[in-house]
Amino acid sequence: MTPNDHLDCFEPELVVIPCGSRKLDRRAPAGDLYVGSYHRACRRAAEALEPARLLILSARYGLLDLDDVVEPYDTPHGAADSITAAALLEQAHRRGVILGSPVVALGGARHVSLVRSVWPGALNPLAGTRGMGEQMARLAAMRKQAAPPVRRNADPSPL
């Protein structure tokens, strides 16, 4: 049994992934703005889960759809001008995602904590990892596990 076996039992309503410190240097859709390897790994794993909705949790802007156009910024989670739990809850109501279930939070402890301030039951497939390396490996395993199997040397003839 792998750490992600429970994830193939459902299709998540919502997956919330973290932003990233590495960004383009110009205004762009949120889905293109974040260029760091951790954000990209979270995004690929999230997409493999085939959620009904995928949102990015930006430290500055809060919940972003992939096509929301925003300016680059240098605000980490927890900074004085970063998104708060109260503001995030308000955004979730406005976006109509407050009642979504199940919700999956991919990211580090600060990210998951903020997501759980809105969705207390959010699943955290990266729980128990001890650092970035283990998280990246688990994200890669999630993506691979969700991918359809590749058939090699299959006999195309009917039975």
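Read on for a plain summary of the structure.

## With respect to the packing of aromatic side chains
Right, so step 1: The final tally for this structure, using the stated rule, is two aromatic pairs.
Right, so step 2: Taken together, a centroid distance of 6.3 Å and an interplanar angle of 75 degrees make the contact between Tyr-34 and Tyr-73 edge-to-face. A residue pair is termed long-range when its members are at least 10 positions apart, and Tyr-34 in the loop between α1 (30-33) and α2 (37-48) and Tyr-73 in the loop between β5 (69-70) and α3 (85-95) qualify at 39 residues.
Right, so step 3: Using a relative accessible area of 5% as the deciding quantity, one classes Tyr-73 as buried.
Right, so step 4: Lys-23 extends its terminal NZ or CZ atom over the ring of Tyr-73, reaching a point 4.4 Å from the ring centre.

## Some points on the pairing of strand β1 (residues 14-18)
Right, so step 1: Of all five residues that make up β1, five are buried, and the element is covered over most of its length.
Right, so step 2: By the alternation rule, side chains of β1 split into Leu-14, Val-16 and Pro-18 and Val-15 and Ile-17, which are all buried.
Right, so step 3: Relative to strand β3 (residues 53-58), β1 is paired through five bridges, and the arrangement is parallel. Among the inter-strand pairings, Val-15 is bridged to a residue of β3, identified as Leu-54.

## Some remarks on the sheet that holds strand β4 (residues 62-64)
Right, so step 1: Pairing is mixed in the open sheet, where four strands are placed in the order β4-β3-β1-β6. Of all strands in the sheet, those with a lone pairing partner are β4 and β6 (103-105), marking the two edges. Ignoring strand direction, the axes of neighbouring strands in this sheet form an average angle of 25 degrees.
Right, so step 2: Relative to β6, β1 is paired through three bridges, and the arrangement is parallel. The residue bridging Leu-14 from the neighbouring strand is Val-103, located in β6.
Right, so step 3: Contacts from α3 reach β3 and β4 within the one sheet, and its direction differs from that of β4 by about 30 degrees.
Right, so step 4: Against the sheet, helix α4 (residues 109-118) contacts β1, β3 and β6, and its axis sits at roughly 140 degrees relative to β1.

## Observations regarding the nonpolar core
Right, so step 1: By size, the foremost hydrophobic cluster in this structure holds 24 residues, and its most contacted members are Val-15, Ile-17, Tyr-34, Ile-56, Leu-106 and Leu-139.
Right, so step 2: Looking at this core, the elements that each hand over two or more residues are β1, α1, α2, β3 and α5 (132-146).
Right, so step 3: By residue number, the principal contributor to this core is α2, which donates five residues.
Right, so step 4: Setting aside residues up to four positions removed in sequence, Ile-56 forms contacts with Ile-17, Pro-18, Cys-19, Ala-30, Gly-31, Tyr-34, His-39, Gly-62, Leu-63, Leu-64 and Leu-66.
Right, so step 5: Residues Leu-88, Val-103, Trp-119 and Ala-122 belong to the second largest nonpolar core, which totals 17 residues.

## Re the pattern of salt bridges
Right, so step 1: In total, this model carries eight salt bridges according to the counting rule given.
Right, so step 2: For Arg-95, the salt bridge goes to Asp-65, with nearest N and O atoms at 2.7 Å. Of this pair, Arg-95 sits in helix α3 while Asp-65 sits in the loop between β4 and β5, placing them 30 residues apart in sequence.
Right, so step 3: Look at Asp-65 and you get buried, because its relative accessible area is 17%.
Right, so step 4: Among the ionic pairs, Arg-95 bridges to Asp-68, the shortest N-O distance being 2.7 Å. Placement of Arg-95 in helix α3 and of Asp-68 in the loop between β4 and β5 is noted, with a sequence separation of 27 residues between them.
Right, so step 5: A network of salt bridges, in which partner residues are shared, links Arg-53, Asp-65, Asp-68 and Arg-95.

Analysis parameters
Residues numbered from 1 in each chain as written. Predicted model: local features only at pLDDT ≥ 70, side-chain atom pairs only at ≥ 80, totals over all residues. Heavy atoms only, no water. Phe/Tyr/Trp six-rings, centres within 6.5 Å; stacked < 30°, edge-to-face > 60°. Helix = DSSP H or I, 4+ residues; strand = E, 2+ residues; numbered from the N terminus. Buried < 20%, exposed > 50% of the residue type's maximum accessible area, 1.4 Å probe, protein only. Lys NZ or Arg CZ within 6 Å of the ring centre and 35° of its normal. Pairing = 2+ DSSP bridges. Axes fitted to C-alpha atoms, helices over the stretch in contact; angles between N-to-C directions. Contact = heavy atoms within 4.5 Å. Core = buried A, V, L, I, M, F, W, Y, C linked by side-chain atoms within 4.5 Å. Salt bridge = Lys/Arg side-chain N within 4 Å of Asp/Glu carboxyl O.

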